[in-house]
Amino acid sequence: MVTKESFGYLNDGREVTAYRISNSFDESVTVLDYGATVHSVVVLDRDGDLADVTLGAFDAAGLEKHAKEGSTIGRFANRIGRSEMVLDGKKIQLEKSHPGCLLHSGSANYGKRFFEVAVISDDCIECHLDDEGGAGFDCRVDVKVRFTFGDDHCLKINYDLVPDGTTVLAPTNHAYFDLSGARGVEGHILQINAGRIAVKDEYGVPWGDTLDVKGTEYDFLEPRTIGKMYDDYYILDDAEGGPNAILKDPESGRMIEVFTDMPCIILFTPISGKPSEVPGKYGIHYNGAHAVCLEAQYVPNSMNFEGFPSPVFRKGEHFISQTVYRFGTFML
């Protein structure tokens, strides 16, 4: 079932609304209209206990300080090198939001926008946004993102974006996962079905080169603990119907299997040397190795080099994609 309630007010007085999708196991996913943000995912552990396995803001006023956690990133997630691109022979200068690149679409990021939300069924909502551009993007995009959560324990995120001109489209969801329920992710075990990563420059921007991960610190072809900070672009192998990535917490027994039709998963493991100034959910000041992000999208900056699926879409073409996070448990 879907229930709706106020989440509070931003600092400028605008009200944020929360939509909770619950299944018959008392598990739930809560999505906010601000940023089409997955604010919580409450799932069972191996002992049958429920806990929230995502990070986020303590309240609506803190959302702007926790703008990435769980939000829908678009129209182009991650980095565009030198904040520029050439589309159909036209050079487009974008906002310089980050050293050496445009990151997460800068001031035009969907995570900072309100979506219109419609309840589609007992287990599904649709978030709609009329993206008018900004940050140098110069055409409109009709954006629809559906969130489905049911008794199959799967959070399904479906994207349907249609531009009215030539542009780049690569949305993702930026959920910060902690399967322990906020104890930290130091012991989490990860596997990614990817034999290569994209090589980055000093600004974190790839330009077409790749690295074979076998035997390196980036190798998650076999399950292992994460162990360090990552912000890397894994080029997915054919999973032959299986998951593209698996994240497990041995202590709670919770696990996530990730399925996507996108060519890349970005592994981001934020590590803080000191507690965050702004409290997150339940008043926690996130510290240490506090989350794992598994963001499915196109290879960053891939409009600026060849060799990977193109994120360029033209008037009337649909960007259609699905990413599924399947939650479950396992025994040691």
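Quantities reported herein were computed from a predicted structural model and do not represent experimental measurements.

Definitions and limits used
Residues numbered from 1 in each chain as written. Predicted model: local features only at pLDDT ≥ 70, side-chain atom pairs only at ≥ 80, totals over all residues. Heavy atoms only, no water. Helix = DSSP H or I, 4+ residues; strand = E, 2+ residues; numbered from the N terminus. Buried < 20%, exposed > 50% of the residue type's maximum accessible area, 1.4 Å probe, protein only. Contact = heavy atoms within 4.5 Å. Phe/Tyr/Trp six-rings, centres within 6.5 Å; stacked < 30°, edge-to-face > 60°. Lys NZ or Arg CZ within 6 Å of the ring centre and 35° of its normal.

With that out of the way, let us pick up the side chain of S71. Position of S71 relative to the elements: it lies in the loop between β5 (50–52) and β6 (72–73). Owing to a relative accessible area of 0%, S71 belongs among the buried residues under this scheme. The contact partners of S71, leaving out residues within four places of it in the chain, are G35, A36, T37, G111, T172, N173 and H174.

Before going further, it helps to examine the side chain of T167. For T167, the location among the structural elements is in strand β15 (residues 167–168). Since its relative accessible area comes to 2%, T167 is described here as buried.

Across all of its chains, the model carries 11 aromatic pairs by this definition. Taking 6.2 Å as the distance between ring centres and 85° as the angle between the ring planes, the aromatic pair formed by Y176 and F268 counts as edge-to-face. Within this pair, whereas Y176 is found in the loop between β16 (172–173) and β17 (189–192), its partner F268 is found in strand β24 (residues 264–268), the two being separated by 92 residues in sequence. With respect to class, Y176 is no different from F268; both count as buried. By way of ring pairs, the aromatic residues Y218, F220, Y230 and Y234 are connected into one cluster. Stacked on the ring of F330, the Lys or Arg R46 has its end atom at 5.6 Å from the ring centre. One cation-aromatic arrangement involves K248 over F330; the distance from NZ or CZ to the ring centre is 4.8 Å.

Taken by themselves, the reported measurements are silent on function.
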